[in-house]
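# Structure at a glance
Each chain, letter by letter, is given below.
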Amino acid sequence: MKQDDDGETVADDKRASGLTRRRLLIGGALAGGALLVGYVATHPMETAGALLSAGGRDFEPGPFGPYIRIESDGRVGIVNPQQEMGQGIHAGLAAIVAEELDADWDKVEILPAPVDFSAYGPQLTGGSQGIATHWDKLRRTGAAARTMFVAAAASRWGVGQGEISVSNGVVSHPSSARRATFGDLLADAARQTPPQEPTLKRPEQFTLIGTPRVQRKDSLPKSTGAQTYTQDVQLPDMLVAVVAHSPRFGGKLARFDDRDARRVTGVVDVFAIETGVAVLARNTAAALKGRDALRVEWEKAEAEHRSSAEISTWYAELAAGEAQGEVEPLVFESRGNAEAPQHRGAFETTIDFPYLAHAPMETLDCVAQVDGTRVTMWSGAHHATADRVLAAFNARTLPGRVDLNVLMAGGSFGRRGALSSDYLVECMRIARRVESRPVKLFWTREDEMAAGYYRPLAHHRVAVALDDDGFPADWRHHIVSQSLLPVGGNAEACEGVAGSPYFTTASTVDCRVTSPDLGIPVTFWRSVGHSHTAMTMEHVVDQLAARAGRDPADYRRELYRRAGADRRLGVLEEACAKSGWGTPLEDGWARGLAVHECFGSFVAQVAEVRLTEGRPIVRRVVAAVDCGIAISPDQIAAQVEGGIGFGLSAALYGCITINDGQVQQSNFDDYPVVRMNEMPAIETHILPSAELPTGMGEPGVAPIAPAVANAMFALSGRPVRSLPLLRGTTANLLPAID
Amino acid sequence: MQFELTVNGERRRVDEDPQTPLLWVLRDSLHLTGSKYGCGKAQCGACTVHLEGRPVRSCSVPVASVGSRRIETIEAATGSPAGPEARALTRAWVDGNVPQCGFCQSGQIMSAIALLRERPNPSDQDIDRAMSGNICRCATYSRIRAGIHTAAASLRSGAA
Ligand code: FES
Ligand code: FES
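Conventions and cut-offs
Residues numbered from 1 in each chain as written. Chains lettered and ligands numbered in written order. Predicted model: local features only at pLDDT ≥ 70, side-chain atom pairs only at ≥ 80, totals over all residues. Heavy atoms only, no water. Helix = DSSP H or I, 4+ residues; strand = E, 2+ residues; numbered from the N terminus. Rg over C-alpha atoms; globule rule 2.2 N^0.38 Å. Buried < 20%, exposed > 50% of the residue type's maximum accessible area, 1.4 Å probe, protein only. Contact = heavy atoms within 4.5 Å. Areas by Shrake-Rupley, 256 points an atom, 1.4 Å probe, with all protein chains shown as cover. Lys, Arg positive; Asp, Glu negative; His and termini not counted. Charge placed at Lys NZ, Arg CZ, Asp CG, Glu CD. Core = buried A, V, L, I, M, F, W, Y, C linked by side-chain atoms within 4.5 Å. pLDDT = per-residue confidence, 0-100. Pairing = 2+ DSSP bridges. Axes fitted to C-alpha atoms, helices over the stretch in contact; angles between N-to-C directions. Salt bridge = Lys/Arg side-chain N within 4 Å of Asp/Glu carboxyl O. Domains from an automatic or database assignment. Buried area = accessible area lost by both parts, 1.4 Å probe. Polar contact = N/O pair within 3.5 Å; in protein donor to acceptor, adjacent residues only side chain to side chain. Phe/Tyr/Trp six-rings, centres within 6.5 Å; stacked < 30°, edge-to-face > 60°. Lys NZ or Arg CZ within 6 Å of the ring centre and 35° of its normal.

## Digging into the overall build of chain B
Helix and strand content of chain B: six helices and five strands. Order of helices (α) and strands (β) in chain B, N terminus to C terminus: β-β-α-β-β-β-α-α-α-α-α. A globule of 160 residues ought to have a C-alpha radius of gyration of about 15 Å, and chain B, at 15 Å, matches this closely. With respect to the principal axes defined by its C-alpha atoms, chain B has extents near 45 × 30 × 25 Å. Out of the 160 residues in chain B, the part that is buried amounts to 61%. Expressed as a percentage of contacts within chain B between residues at least 6 apart in sequence, the contacts between residues at least 24 apart total 57%. Here chain B has roughly 5700 Å² of accessible surface; of this, 47% comes from carbon and sulfur atoms. Averaged over its 19 positive side-chain charges, chain B has a centre that lies 5 Å from the centre of its 15 negative ones.

Next comes the structure, spelled out in structure tokens:
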């Protein structure tokens, strides 16, 4: 008899026959001289797994998804099923395993997982969910492996398992001074049955998690140019493809003349695909030159032709109820009698948010080679599982015949998570026309800015009546924004408003979302809906505090107490204490505060801001974070720093505008981002916590815009009604060196 | 057209259109992919290499304009033997966990090497001036700044 991972007991014979409903068991095996420990799918005919892996080579035996690979020389390889795009997930996941295994962290290596649904489940990276999803499985795997080593040593030395201790990859029996490394015990350990319910450490027993020793392992290759990204893939005979896209979304190709393009040395082929005209050449420079020489005409009739200014005006009308009947709003939170009109004198505001590009440092790219029904791909894919299926579909083959090599991505910020995987599909459509030669699809920065996807433009309308104590009594809120998903009621636009602790004192709450359909492609953007809801809620709350004549920190404190929002209260107090909230600053400087919950993590930020000719200068940001058990404090701080820089770029400059259906921005000269000279000094303070760990790749982004806006409000008395704060400014650009 | 370039101390013969940006010659023809494309118009610094020891944006240098000037890329600058500045900087980058996605970092290191060669003891303003042409979308700027100060200190103390 064995226990499954719900603690349910199942019979071995039944398990072997594949009749049990349980799918995952911890398994161990010796392979190629290394001990593998991981999860075994005992029920491989599970529909989703079968479908997603159809056509794969070793589908039949029931796939094994190793998480740990221990070599005879003591090296411990830990398999990372998540996409690494800078967020440091690989080190966090590895530390969880290493902690329970008591491995030597210096000997831990991180191996990318193969894309395999039946072994690793759905592989997708988003919503800062990596740590939360894998926490339990990884701990159990690590602990099971440790138990196998303990059992092996106990039987070799003829002592009780309880007398054995493990530390830094060494198993020892202190009373007889005997010791052995993982490597020494490998073969014996492999003969042990992995326990299904291994004893896990209590958080106070952690020796690695939460220490500065947990550091990312890829810094050296990334500092010497040795790290390989998709852009760097070079294969014999490879062609580089660039695509001329329609200047308007949804514009169809009318005709093209490729005679001049084909005359460019190095150009090999030109043909139309669903998204435009592809130019293939022996190298990037020739492909780009060939594309410049193309003459293309586009149909305008079906294309999206609205301008972003028109869209903004329309959204404001929708939110104000002046364009009724055009798109129906959905109520996402309601309490009390929202039919009754709000009493006069309520606070009212609107805030406008622009479309935003992701502008990851590495532009979109993908490499694919199609050989009959066999496909090999290289990509910084986010949603490896879905990407493999899309690739297969577009190559007219089965998912199991697609080898997807997931490479590190040079940033993404959500762009590579667009559900359509547009760039990967585009690459497949080209590659299948060029049988057997590898093709690298390359997008320039201009392609990336103009061809989507974006954080959607959003409009918030908020009206709040206060009670006699100055706290919200009646809160009306209307959000207008395109939906990122075809289903789900546009919940992504409402996250950060829904269930807000600021509604606690209100007897009437009415929150609505209107989700117009437009031809402008939108997707997840680092922190998703929080990228606009945090600004709205936190900037509104400062204005309510001003109305009530109270200090913004005090006002929040009281509301959090009444709401029982203890974790918000915790980060608020920490940020205030560490930033010197309430103490005087030099003339012309003010502090701004914002507190927000994003994907289960809580972040408070206090920004020190001065206004020079109306332009905010941010010199210091103090952040307080509660993300449950902090696995890698250094990486949490890094993500907070990076999140603030990313959020500040958007708050100050980020703005994609559309005129006559055409995107107006093209590169970093008209889509400026924060550079070295504008980066504030940042301090990150992590609250001790025993809660389950939550991700930190995104939550640091959202609070910076309202923290800066609130400081500006304190300085000038004028609220911010739209982002970016410096619309149309490109002044940050310093002269290039050459 | 044929060009003879001096890349990382070696003579390399390439056949290119004269207007081809040096970046694509390095990446596609010579397979030196440490220098990255990020913007193609001297806005981001991801493609920074040294021309006669001075940092340039290789995406905006036509191959025909290089002539006999010495080109050094990240591969040689941080390879062995690396100069003292490069050694101190890569050590500071690793110890300080500077990179996130890492894509901008070869350009950052190339700009930082040039800065330290010119100003062994740079002020924050010197760093702003020398490094503001290098965008990092992961915004690792504070760690880059700290890394440059650490590297400068270790060079002064002779530790590197
Ligand atoms: S690619 Fe050369 S400066 Fe951006
Ligand atoms: S580390 Fe990602 S762009 Fe700099």
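That shown, we press on.
## Some points on the nonpolar core
The biggest cluster of nonpolar side chains holds 105 residues, and the ones touching the most others in it are A:Tyr355, A:Val708, B:Leu89 and B:Ile148. Formed by 46 residues, the second largest nonpolar core is a distinct cluster that contains A:Val37, A:Leu138, A:Ala153 and A:Ala180.

## Notes on the confidence of the model for chain A
Here chain A averages 88 in pLDDT, while 88% of its residues score no lower than 70. Taken as a whole, residues 733-738 of chain A scores under 50 in pLDDT and shows 15 contacts with residues more than four places along the chain or in a different chain.

## Some remarks on the sheet that holds strand β3 (residues 48-51) of chain B
Residues and elements named next belong to chain B. The five strands are arranged β2-β1-β5-β3-β4 in an open sheet whose pairing can be described as mixed. Two strands in the sheet have a free side with no partner beyond their single neighbour: β2 (10-15) and β4 (54-57). Neighbouring strand axes in the sheet, compared pairwise and without regard to direction, differ in orientation by 40° on average. Pairing geometry for strand β1 (residues 2-7) and β2, over six bridges, is antiparallel. Bridging from a neighbouring strand, Glu4 pairs with Arg13 of β2. Taken strand by strand, helix α1 (residues 22-29) contacts β1, β2, β3 and β5 (70-72), and its axis lies near 85° from that of β1. Lying over the sheet, helix α4 (residues 105-118) contacts β3, β4 and β5, oriented at roughly 40° with respect to β3.

## Focus on the pattern of salt bridges
Residues and elements named next belong to chain A. Considering all chains together, one arrives at 64 salt bridges over all chains under this definition. We note a salt bridge from Arg140 to Asp136, for which the minimum N-O separation is 3.0 Å. Here Arg140 pairs with Asp136, and both are found in helix α5 (residues 130-157), just four residues apart, close to one helical turn. Linking Arg263 and Asp260 is a salt bridge whose minimum nitrogen-to-oxygen distance equals 2.6 Å.

## Section: the pairing of strand β21 (residues 439-442) of chain A
Residues and elements named next belong to chain A. Judged by which residues are buried, β21 turns out to be covered on both faces: Val439 and Leu441 on one side and Lys440 and Phe442 on the other are all buried. Note that strand β11 (residues 239-245) and β21 share three bridges and pair parallel. For Ala241, the partnering residue across the bridge sits in β21 and is Leu441. Pairing of strand β18 (residues 365-371) with β21, which is carried by four bridges, proceeds in the antiparallel orientation. Bridge pairing in β21 places Cys366 opposite Leu441.

## Some details on the pairing of β11(A)
Residues in a regular strand project their side chains so that they alternate between the two faces of the sheet. Residue and element names in this part refer to chain A. Burial within β11 is extensive, with seven of its seven residues counted as buried. The side-chain alternation of β11 yields two buried faces, one formed by Leu239, Ala241, Val243 and His245 and the other by Val240, Val242 and Ala244. Pairing analysis gives six bridges linking β11 to strand β14 (residues 276-281), with the strands arranged antiparallel. For Val240, the partnering residue across the bridge sits in β14 and is Ala281.

## Some words on the sheet that holds strand β16 (residues 330-335) of chain A
Residues and elements named next belong to chain A. Ordered in space as β16-β24-β23-β22-β17, the five strands form an open sheet in which the pairing is mixed. Every other strand in the sheet has two partners, leaving β16 and β17 (347-353) as the edge strands with one partner each. Averaged over all neighbouring strand pairs, the angle between strand axes comes to 10°, with direction disregarded. Two strands pair when backbone bridges link them, and strand β23 (residues 472-481) and strand β24 (residues 508-514) are joined in this way by seven bridges, in the parallel orientation. Opposite Asp474, over in β24, you have Thr508 as the bridge partner. Contacts from helix α15 (residues 530-548) reach β17, β22 (458-466) and β23 within the one sheet, and its direction differs from that of β17 by about 155°.

## Describing the domain arrangement of chain A
Domain boundaries in chain A define domain 1 (2-52), domain 2 (68-216), domain 3 (230-302 + 361-450) and domain 4 (311-342 + 454-735). The straight-line distance from the C-alpha centre of domain 2 of chain A to that of domain 4 of chain A is 39 Å.

## Here we look at the domain arrangement of chain B
All names here are of chain B. Considered domain by domain, chain B is made up of domain 1 (2-77) and domain 2 (80-157). Placing the centre of domain 1 and that of domain 2 at their C-alpha centroids yields a distance of 21 Å. The partner domain 2 presents 17 residues to the 19 residues of domain 1 that form the contact. Overall, the association of domain 1 and domain 2 removes approximately 1300 Å² of surface from exposure, summing both partners, and the carbon and sulfur fraction of that is 55%. It is His50, Ile74 and Ala77 that lose the most area in domain 1 upon contact with domain 2, and together they represent 32% of the buried surface on that side. Our enumeration of links across domain 1 and domain 2 arrives at one salt bridge. Across the pair Glu72 and Arg117 runs a salt bridge whose closest N-O atoms are separated by 4.0 Å. The tally of links between domain 1 and domain 2 comes to five residue pairs in polar contact (both at pLDDT 80 or more). Broken down by secondary-structure element, the contributors of at least two residues to the side of domain 1 that touches domain 2 are β3, β4 and α2 (74-77).

## Things to note about the interface of chain A and chain B
One widely used convention gives an interface's size as the accessible area the parts lose upon coming together. Contact with chain A, which involves 61 residues of that partner, is made by 55 residues of chain B. Between chain A and chain B, roughly 4800 Å² of surface is buried when both sides are summed, and carbon and sulfur atoms account for 54% of that area. Along the contact surface separating chain A from chain B lie six salt bridges. Between A:Lys289 and B:Asp17 there is a salt bridge whose closest N-O contact spans 2.4 Å. Along the contact surface separating chain A from chain B lie 30 residue pairs in polar contact (both at pLDDT 80 or more). Breaking the side of chain A that touches chain B down by element, the ones donating at least two residues are α7 (219-223), α9 (284-292), α13 (445-450) and α18 (633-652) of chain A. In terms of residues, the side of chain A that touches chain B owes the most to one element, α18(A), which gives 10 residues.

## Side note on the packing of aromatic side chains
Evaluation of the coordinates by the stated rule reveals 14 aromatic pairs over all chains. Consider the rings of A:Phe442 and B:Tyr37, whose centres lie 4.9 Å apart with planes at 75°: the pair is edge-to-face. Of this pair, A:Phe442 sits in strand β21 while B:Tyr37 sits in the loop between α1 and β3, which puts the two residues in different chains. You'll find A:Phe442 and B:Tyr37 in the same group, each marked buried. Centre to centre, the rings of A:Phe471 and A:Tyr555 are 5.0 Å apart; their planes meet at 20°, and the pair counts as stacked. Note that A:Phe471 is positioned in the loop between β22 and β23 and A:Tyr555 in helix α16 (residues 552-563), a separation of 84 residues in sequence. An aromatic cluster of at least three residues, connected via ring pairs, comprises A:Phe249, A:Tyr355 and A:Tyr454. The aromatic ring of A:Phe271 is capped on one face by A:Arg433, whose charged end is 4.1 Å from the ring centroid.

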